[in-house]
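Letter by letter, the chains look like this.
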Amino acid sequence: FCLRWNNHQSTLVSVFDTLLEKGIHVDCTLAAEGQTLKAHKVVLSACSPYFENVLSQQYDKHPIIILKDVKYAELRAMMDYMYRGEVNISQDQLAALL
């Protein structure tokens, strides 16, 4: 028998987004320009080799990662992209986000 969850990927993306919005099971904080965003280590690690490396070396239950050369708006856009798979930004913001 092969059991298939037809909407598995879209459901998973939706659930992670909902968990983030409700602040449920968040286990790390990202900081830029004095502002912070809560996140899930597993999502950050799955989307970014940089975060995977940094978080694999952290043994704190809830690490805070300070992104010194990143603007808060860029961080917010990056989080939207990681959690939703898309983000709307202006053309002049594209280079900084990439």
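To be clear, the structure that these remarks concern was listed above.
In short, a report on the structure. (Residues numbered from 1 in each chain as written. Predicted model: local features only at pLDDT ≥ 70, side-chain atom pairs only at ≥ 80, totals over all residues. Heavy atoms only, no water.)

1. Re the packing of aromatic side chains
Per the counting criterion, the structure on display carries one aromatic pair. For the ring pair Y50 and F51, a centre distance of 5.5 Å and an interplane angle of 65° mean the geometry is edge-to-face. (Phe/Tyr/Trp six-rings, centres within 6.5 Å; stacked < 30°, edge-to-face > 60°.)

2. Some points on the side chain of T29
By the element assignment, T29 lies in strand 1 (residues 28-32). Ignoring sequence-local partners within four residues, the contact set of T29 consists of T36, L37, K38, H62, P63, I64 and I65. (Helix = DSSP H or I, 4+ residues; strand = E, 2+ residues; numbered from the N terminus. Contact = heavy atoms within 4.5 Å.)

3. Regarding the environment of D92
Along the chain, D92 turns up in helix 5 (residues 91-97). Remark: the alpha-carbon pair of D92 and P49, spanning 43 residues in sequence, is separated by 25 Å. Polar side-chain contacts of D92 include one of 2.3 Å to the side chain of S90. (Polar contact = N/O pair within 3.5 Å; in protein donor to acceptor, adjacent residues only side chain to side chain.)

4. Looking at the pairing of strand 1
Burial runs high along strand 1: five of the five residues are buried. The side-chain alternation of strand 1 yields two buried faces, one formed by C28, L30 and A32 and the other by T29 and A31. Connecting strand 1 to the antiparallel partner strand 2 (residues 35-39) that follows it, the hairpin turn spans two residues, and E33 within it adopts a positive phi of roughly 55°. (Buried < 20%, exposed > 50% of the residue type's maximum accessible area, 1.4 Å probe, protein only. Pairing = 2+ DSSP bridges.)

5. A short note on the sheet that holds strand 2
Across the sheet, three strands lie side by side as 2-1-3; this open sheet has mixed pairing. Among the strands making up the open sheet, the edge pair consists of strand 2 and strand 3 (64-66). Each adjacent strand pair in this sheet contributes to an overall mean axis angle of 25°, direction not counted. Relative to strand 3, strand 1 runs parallel, the two sharing three bridges. In the sheet register, A31 faces strand 3, and the bridge partner there is I66. (Axes fitted to C-alpha atoms, helices over the stretch in contact; angles between N-to-C directions.)

6. Here's the deal with unusual backbone geometry
A positive phi is found at H25, a non-glycine position, where the angle reads about 60°. You can see H25 is positioned in the loop between helix 1 (8-22) and strand 1. With relative accessibility at 61%, the residue H25 sits in the exposed group.

7. A look at helix 1
With 15 residues, helix 1 should cover 21 Å at 1.5 Å per step; its first-to-last C-alpha distance of 21 Å lies within 8% of that length. Of the surrounding secondary structure, the elements contacted by the buried residues of helix 1 are strand 2 and helix 4 (72-84). Immediately beyond the C-terminal end of helix 1, within one or two residues, lies G23, with a positive phi of roughly 70°. (Expected span 1.5 Å × (residues − 1).)

8. Quick notes on the layout of surface pockets
With a probe scaled to a water molecule rolled over the atoms, the places where space remains empty come into view. Here the largest pocket defines a volume of roughly 410 Å³. Listed by contribution, the elements that provide at least two residues to the lining of the largest pocket are helix 3 (49-56), helix 4 and helix 5. Across the lining of the largest pocket, the residue classes tally to 13 nonpolar, one polar and one charged. (1 Å grid on protein atoms, 1.4 Å probe; cavity = no way out; pocket = protein on both sides within 12 Å on 5 of 7 lines; lining within 4 Å. Points joined across faces, edges and corners; volume = space filled by probe spheres on them. Nonpolar A, V, L, I, M, F, W, Y, C, P; charged D, E, K, R; others polar.)

Interpretation note: all reported values are geometric properties and have no functional meaning in isolation.
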